[in-house]
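Structural description and commentary
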Amino acid sequence: MTYKRKKYHHGDTHLKKRWRLRNRKKDLDQIDVDLKEENADKLLNQEVDLDVPGAAQNYCLHCARYFIDQQALNEHFKTKVHKRRLKALELEPYTIEESERAAGHGNFKLPSKRKIVTQGSKTDIDQDGDVVIEEASPNKKQKFDNNATQTPVESN
């Protein structure tokens, strides 16, 4: 007995659009505006909002995502998704002046790279006010430079 091929997804273009728009996140130029000092302070110190995960207290500026607790946010900082977003934010956003230069109105210059670092978490400071540095785990292999193992030469 042969089975008939099922054609259930023939006309679901309206459903595809709904799912595509539902998962839409902020663009890089919108995140660049959020990274400015005054906007970053507002986003990192939001009032309690019970409609978003973690009551809006654990927010990643670079990815524009809320997390349920501080541990989830710290784990997110170690993921490939976050690191890729940091890499994408290194280039300055595209501006109108840059488009005019590309069209021949002015001198073209390459977009400059910025140094983007992950936002500091709330648990990075201990009771004395000192910054806590995580030590390398003993299971990970460490690379040593051959020149670093040589003894330094004393100067007179």
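Every chain begins its residue count from 1, and numbering advances along the sequence as written. For a predicted model such as this one, the threshold for reporting local features is a pLDDT of at least 70, and the threshold for listing and counting side-chain atom pairs is 80 or more; totals across whole chains, interfaces and linings nevertheless cover every residue. For the side-chain quantities, the full set of heavy atoms in the structure was used; hydrogens and water were omitted.

Quick notes on the overall build of the protein
- The helix and strand labels rest on DSSP assignments: H or I over at least four residues marks a helix, E over at least two residues marks a strand, and numbering proceeds from the N terminus. Summing up its helical and strand segments, the protein has six helices and two strands in all.
- When the helices and strands of the protein are read in sequence order from the N terminus, they spell out α-α-α-β-β-α-α-α.
- Here the protein holds 156 residues, and the buried ones make up 19% of them.
- Whether two residues are in contact is decided by their heavy atoms: any pair within 4.5 Å suffices. Across the protein, contacts joining residues at least 24 apart in sequence account for 39% of those joining residues at least 6 apart. Residue burial is assigned from relative accessible area. The probe radius is 1.4 Å, only protein chains are included, and a residue is buried under 20% of its type maximum, exposed over 50%, and partly exposed in between.

Remarks on the pattern of salt bridges
- Salt bridge, as used here, is a side-chain nitrogen of Lys or Arg placed within 4 Å of a carboxyl oxygen of Asp or Glu. Counted according to the given criterion, the structure contains five salt bridges.
- The partner of Arg114 in a salt bridge is Asp32, with the nearest N and O atoms 2.5 Å apart. Here the residue Arg114 occupies a position in the segment after helix 6 (96–102), and Asp32 occupies one in helix 2 (residues 28–34), the gap between them amounting to 82 residues.
- The exposure class of Arg114 is partly exposed, given its relative accessible area of 24%.
- Overall, the relative accessible area of 14% leaves Asp32 in the buried class.
- Its salt-bridge partner being Lys113, residue Glu90 comes within 3.8 Å of it at the nearest N-O pair. Of this pair, Glu90 sits in the loop between helix 5 (80–89) and helix 6 while Lys113 sits in the segment after helix 6, and the two are 23 residues apart along the sequence.
- Using a relative accessible area of 18% as the deciding quantity, one classes Glu90 as buried.
- When its relative accessible area of 58% is taken as the criterion, Lys113 is described as exposed.

As for helix 5
- Within helix 5 the residues assigned to the buried category are His82, Leu86 and Leu89. Angular distribution of buried residues about the axis of helix 5 spans 65 degrees; they occupy a single face of the element. Within helix 5, the exposed residues directed more than 90 degrees away from the buried face are Lys80, Val81, Arg84 and Lys87.
- Each element contacted by the buried residues of helix 5 is listed here: helix 2, strand 1 (59–60) and helix 4 (70–76). What the arc measures is the spread of directions leading from the helix axis to the C-beta atoms.

Focus: unusual backbone geometry
- Phi angles above zero are rare outside glycine, and Ala55 is one such case at about 55 degrees.
- Tracing the chain through its elements places Ala55 in the loop between helix 3 (37–44) and strand 1.
- The phi angle at Ala56 is positive, at roughly 65 degrees, despite the residue not being glycine.
- Among the secondary structure elements, Ala56 is positioned in the loop between helix 3 and strand 1.

Details of the packing of aromatic side chains
- Here a pair means two rings of Phe, Tyr or Trp (six-membered ring of Trp) with centres within 6.5 Å. Their orientation is stacked below 30 degrees between planes, edge-to-face above 60, and tilted elsewhere. With the rule as written, the count across this model stands at one aromatic pair.
- Summarising the aromatic geometry, the rings of Tyr59 and Tyr66 are spaced 4.7 Å apart at their centres and angled 50 degrees between planes, so their arrangement reads as tilted.
- Under the relative-accessibility criterion, Tyr59 is labelled buried at 5%.

Quick word on the confidence of the model for the protein
- The score called pLDDT rates the predictor's confidence residue by residue, from a low of 0 to a high of 100. Looking at the protein, the pLDDT average stands at 78 and 75% of residues meet or exceed 70.
- Here helix 1 (residues 13–22) stands out as the element of the protein with the lowest mean pLDDT, 76, in contrast to helix 4, whose mean of 94 is the highest.

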